[in-house]
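Structural overview for review
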Amino acid sequence: MGDPASSLHLTGLNTNQLEATSHFEGPLLVLAGAGSGKTRVLTARVCHLIQEFGISPEKILTVTFTNKAAGEMRERITKLLGSEPIGMWMGTFHAMGARLLRRHADRLGWDRSFSIFDSDQSLRLIKSVQEELGLDLKRWNPKAIRAEISNAKNRLEDDKTFQLETQSGSELFIRTVGQVFSAYQEALQAQDAFDFDDLLMKPVELLESHRDLLEHYRGRFSFILVDEYQDTNRAQFRFVELLARAHGNLMVVGDPDQSIYAWRGADVRNILDFETAFPSARVVPLEINYRSKELILSAANAVIGENVNRPKKILRASRKGGDKITLVETSNEKDEAQWIVSEIQDQIHSTQGLSICDCAVLYRTNAQARALEDAFLRARMPYQVVGGLRFYQRREIQDVLAYLRLISNPKDKTAFDRIVNYPRRGIGHTTRKHLTRWAVDQGVTMLEAAGRADEVPGIRTAGVRGLKQFADLMRRLSVRATQATIGEMLEGLVEDINLIKHLNNEGPDGEDRVRNVIELIAGTLDFDATLAQTIEPDEIDTFTELDLFLQEVALIADLDGLDPGSETVTLMTLHNAKGLEFSLVFIAGLEEGLFPLSRAYDEADALEEERRLFYVGITRAEDKLFMSWARQRRRAGDFTYGSLSSFVSAIPDKLLEYRKSNWLSPGPYSKPIAVQNRGYKISHEQDEAFDMNQDSPGFVLGERVIHQTFGSGAVIEISGFGRDMKVKVKFDDVGEKKLLLRYAGLEKDWP
């Protein structure tokens, strides 16, 4: 073993960081506080295993929270080692699961060229299943059903287990979920598809049911490292336990004070009970924060100290001093947004070296972004929204990807349904119903049925012609896929269906869509399958370039779209901010009922998680922290009158400076007190579908929708917001209609 003092990866580590890095065999728990250098420790430990202990990179498995983090860590390791760690597996739990399934899906009854359904595709399939079962979509909310199915999978409950546990004594909704769950899983397998939760659950099933594979991967991965362990769920815990139990060489890094994903099934007990699960575990705390000024960290410690269910620890700041935290009272959400924009402008002008890319605005719910975006647009200040409509979620991109998915997997009925009549080929809803029924009776795929449309009773001549033309097109594209790169194939596809012309005909928005499609083509031309992180070098010939590209696209997360180098202010929810840092941070919307959410008061654990989320927000700030609240805020269409969040009361008064916006009366500012109910309507639990849902979808211009009475059409205008949001839709059969969104019952439709 070499001299540790001469190892580049150990340079500058503090005592505890060095202890964690130098650990060799046996379980290790690193309790890494915010800004304490955990990524550096993980990187250094991988280098130490390879360089000092002689461990082959292919014996190491490293699990990260995002694909972006995995890429950055691999780059750092390569730089420190002086060469690529060839053979090392590194990525998210979902990416690792997809990688295992690509190798062994046939053991579970799937083809290895399976599709990965994102949340939109899985929701569409659940709706389709409900319709087949005769379950009213309005009575049985498909999103609520999907959430229950997702929670069950994260608990490692398959459809049969779920039904056994809920068939008696459970409420009707849960029994209905069980009915949909079984049909949904059958539909997924029939289409050779996995949803995102399957990427966690199915690898566990694979390892538990095939002893030879379990022994192989236990031997393959002699050392396992897991980042952000506090946000793992039951399926992720079991996956790690299966691989690490025999040898015990498991290092987990995390911070119970930053566990903020219980609503996704994460269980903070995984990290709190690690020493119970692995009794011989060594525990190393990282308690020096290198990110935030001392004053900011003092506020963070005071806030998180209010929680009961946490290990007692205090982060110490390496950066002393700091400006007081600015707490500003504003009139309403518009006033708040304008104040934030103005303050960013003032700070940039008065602070040498400060750029707008050093600034971030954080908020509790996605709905808050609207007023902020309006203010940034009016001020002509560049900004990026993380977690908004991602590039690969855009309608025109999803359309093109559906063609690629159907080429890759001809069983993908969801992709078939999306593109069979896009661009229009005279294939209406009735034609598709006849085709679907016939395909089921004959036991063939929808694509094969389309090629035999002349055999299907009830379909008119125009429909037969359109279906056969579509089937011929897909056959030509499939042949081309075996002969050309994905970029060349995509260029040919766009030309074959005359997509650019169709998009340009949509008007100004069409021009933006054309640019997005061109950008997609550019990305595919640059795609190199040999660089894919989800495949072994010797397996490149096993999968097509198209399979690997589609998998990479499916695994892209919200944070992977963040461009830290862009000259923009970053807007994002507090959940999306975890792991990031900015010189200036604004936390907006600090009102009781909004942050914390009102529903958090129903359970002590939920309230503690909200407080942890506040702690995460505070510890994103390096130099200066601003917090704002509004006396009134329009939420879900109604004005609510608010008081300052109770979370702020934990921060000592000496750490705060109080200000008012220009909209409010000037004069000395005294510490705010809770606003009394003066007969105003105070409601913090308005329609959550419009306000609180982190994943709440919206409609965008040009998007295809379907109305129960008016049929299919395209959104051509959007106005208002919340409960007052209106859309103008140009319906194919009845022309233009202006509808109040909350009553319209619009569903997204295939183009």
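What you see is a predicted model, and the numbers here were worked out from it, not measured in a lab.

So, how was this worked out
Residues numbered from 1 in each chain as written. Predicted model: local features only at pLDDT ≥ 70, side-chain atom pairs only at ≥ 80, totals over all residues. Heavy atoms only, no water. Helix = DSSP H or I, 4+ residues; strand = E, 2+ residues; numbered from the N terminus. Buried < 20%, exposed > 50% of the residue type's maximum accessible area, 1.4 Å probe, protein only. Contact = heavy atoms within 4.5 Å. Areas by Shrake-Rupley, 256 points an atom, 1.4 Å probe, with all protein chains shown as cover. Core = buried A, V, L, I, M, F, W, Y, C linked by side-chain atoms within 4.5 Å. Phe/Tyr/Trp six-rings, centres within 6.5 Å; stacked < 30°, edge-to-face > 60°. Lys NZ or Arg CZ within 6 Å of the ring centre and 35° of its normal. Axes fitted to C-alpha atoms, helices over the stretch in contact; angles between N-to-C directions. Parallel < 35°, antiparallel > 145°, perpendicular 65-115°, else oblique. Nonpolar A, V, L, I, M, F, W, Y, C, P; charged D, E, K, R; others polar. pLDDT = per-residue confidence, 0-100. Salt bridge = Lys/Arg side-chain N within 4 Å of Asp/Glu carboxyl O. Pairing = 2+ DSSP bridges.

1. A short note on the overall build of the chain
Regarding its fold elements, the chain presents 28 helices and 24 strands. Here the chain, with 751 residues, has 56% of them falling under the buried criterion. Residue pairs in contact within the chain that sit at least 24 positions apart in sequence constitute 74% of those at least 6 positions apart. Accessible surface, the chain: about 32,000 Å² in total, of which carbon and sulfur atoms supply 48%.

2. Brief notes about the nonpolar core
Of all hydrophobic cores here, the largest spans 50 residues; its most connected members are Tyr403, Leu404, Phe416, Leu435, Phe470 and Phe549. In terms of residue count, the dominant contributor to this core is helix α17 (residues 395–408) (eight residues). Setting aside chain neighbours within four positions, we find Phe549 in contact with Leu401, Leu404, Ile486, Leu520, Thr524 and Phe527. Within the second largest apolar cluster, 46 residues are counted, among which are Ala300, Ala360, Ile618 and Leu655.

3. A word on the packing of aromatic side chains
One pass over the structure, following the stated rule, counts 23 aromatic pairs. Measuring from centroid to centroid gives 4.1 Å for Phe24 and Phe53, while their planes differ by 15 degrees, and the two rings are stacked. Residue Phe24 is located in the loop between α1 (15–22) and β1 (28–32), and its partner Phe53 is located in the loop between α2 (38–51) and β2 (60–63); the two are separated by 29 residues in the primary sequence. Judged by its relative accessible area of 26%, Phe24 falls in the partly exposed class. Clustering of aromatic rings is evident, with ring pairs tying together Phe24, Phe53 and Phe223. For Lys578, the ring lying beneath its charged end belongs to Phe65, and the centroid distance is 4.6 Å. When the ring centre of Phe626 is taken as reference, the NZ or CZ atom of Lys624 above it lies at 5.0 Å.

4. Re the packing of helix α9 (residues 198–209) against helix α10 (residues 211–220)
For the pair α9 and α10, interaxial distance at closest approach is 5 Å and the crossing angle is 105 degrees. In terms of orientation, α9 lies roughly perpendicular with respect to α10. Between α9, through Leu206, Leu207 and Ser209, and α10, the contact on the second element is made entirely by Arg211, Leu213, Leu214 and Tyr217. Taken together, the residues of the contact of α9 with α10 sort by class into five nonpolar, one polar and one charged.

5. Topic: the confidence of the model for the chain
In this model, the chain carries a mean pLDDT of 86, and residues with pLDDT of at least 70 account for 89%. Counted against residues more than four places away or in other chains, residues 1–6, with its pLDDT under 50, gives six contacts. Below pLDDT 50 for its whole length, residues 667–671 participates in seven contacts with residues either more than four positions away or in separate chains.

6. Describing the pattern of salt bridges
Counted by the stated rule, this structure contains 43 salt bridges. For Asp267, the salt bridge goes to Arg269, with nearest N and O atoms at 2.8 Å. A relative accessible area of 52% means that Arg269 is categorised as exposed. The salt bridge involving Lys738 is made with Glu717; its shortest N-O contact spans 3.4 Å. Within this pair, whereas Lys738 is found in strand β23 (residues 735–740), its partner Glu717 is found in strand β21 (residues 711–719), the two being separated by 21 residues in sequence. The partly exposed category is assigned to Glu717, whose relative accessible area is 29%.

7. Examining the pairing of strand β20 (residues 704–707)
Strand direction decides the pairing type here: β20 and β21, joined by four bridges, are antiparallel. Considered in β21, the bridge of Val705 is made with Gly713. Between β20 and β21, which follow one another and run antiparallel, lie three residues. Note that β20 and strand β24 (residues 747–748) share two bridges and pair antiparallel. Residue pairing in the sheet places Ile706 in a bridge with Glu747 of β24.

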